[in-house]
Each structure stands twice: as structure tokens, then as C-alpha cells.
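An overview of the molecular structure
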Amino acid sequence: EIQAIAVENDRHLEVWLANLTGQSQALGFEQKFLGNLSLFSASEFERSTQDFSVMDSLERAFSGETVLLPPYAVARLRGRFR
């Protein structure tokens, strides 16, 4: 199961996605998303206990129509659909 929440302001759209399953999930968009992606999965958990801004630290440029979420991962996208 995938859960999502989004908010839009005058600067960008912010989308949070959560994979609530033990399997990787590929999420496709109808349009290309241009902006930044932060992906938090089990491998970043220990890091998050020391870095409370881990989602900001993990943020990378992203341009695409698909996000691959590992099991139990959370993704944050900031940008716009084109």
C-alpha cells in the first residue's frame, strides 16, 4: 500500500510518499516531475538518529516520471510537474 500527501504554494509542490509494504514499489506519474527528491529507507535509519534534518541532507536533483520506493521507505519531492 502507498500513502501520499501533497501541498502546493506559490514556489513549488511538495509531495510525500510512503511505501507501507515489504516490497519495492515503482510509482509512475502522468507528467515529468522536475525538482528535488529525498528518499529515506531502512539504510538511512541510523543516520537519522544523529541528523534530524536527514530529509534535507538526502535531497538530490530529480527529473523523471517514476520513483522507486524501497520497502517501508518515505520519499519527499519538491518541485513541479511539467
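Preceding this paragraph is the structure being described.
Here the structure is a predicted model, which is why all the values come from computation and not from measurement.

Calculation rules
Residues numbered from 1 in each chain as written. Predicted model: local features only at pLDDT ≥ 70, side-chain atom pairs only at ≥ 80, totals over all residues. Heavy atoms only, no water. Helix = DSSP H or I, 4+ residues; strand = E, 2+ residues; numbered from the N terminus. Rg over C-alpha atoms; globule rule 2.2 N^0.38 Å. Buried < 20%, exposed > 50% of the residue type's maximum accessible area, 1.4 Å probe, protein only. Areas by Shrake-Rupley, 256 points an atom, 1.4 Å probe, with all protein chains shown as cover. Lys, Arg positive; Asp, Glu negative; His and termini not counted. Charge placed at Lys NZ, Arg CZ, Asp CG, Glu CD. Pairing = 2+ DSSP bridges. Axes fitted to C-alpha atoms, helices over the stretch in contact; angles between N-to-C directions.

1. Regarding the overall build of the protein chain
- Along the backbone of the protein chain there are 2 helices and 5 strands.
- Element order for the protein chain, N to C, with α for helix and β for strand: β-β-β-α-α-β-β.
- Scaling as 2.2 N^0.38, a compact globule of 82 residues should have a C-alpha radius of gyration of about 12 Å, and the protein chain matches this with 13 Å.
- Principal axes of the C-alpha set define a box for the protein chain whose edges measure 35 × 25 × 20 Å.
- Scored against the burial criterion, the 82 residues of the protein chain give a buried share of 37%.
- Accessible surface, the protein chain as shown: approximately 5300 Å² in total, 51% of it carbon and sulfur.
- Here the protein chain contributes 8 positively and 11 negatively charged side chains, and the mean placements of these two sets differ by 7 Å.

2. Some details on the sheet that holds strand E4 (residues 60-69)
- Spatially, 5 strands are ordered E1-E2-E5-E3-E4 in an open sheet, and the strand pairing comes out antiparallel. Only two strands of the sheet have a single neighbouring strand rather than two, namely strand E1 (2-8) and E4. Ignoring strand direction, the axes of neighbouring strands in this sheet form an average angle of 40°.
- Of the strand pairs in this sheet, E1 and strand E2 (residues 13-19) are connected by 7 bridges, and their pairing is antiparallel. Residue Gln3 lies in a different strand from E2, and its bridge partner there is Ala18.

Note that all results are geometric; they support no functional claim without further evidence.
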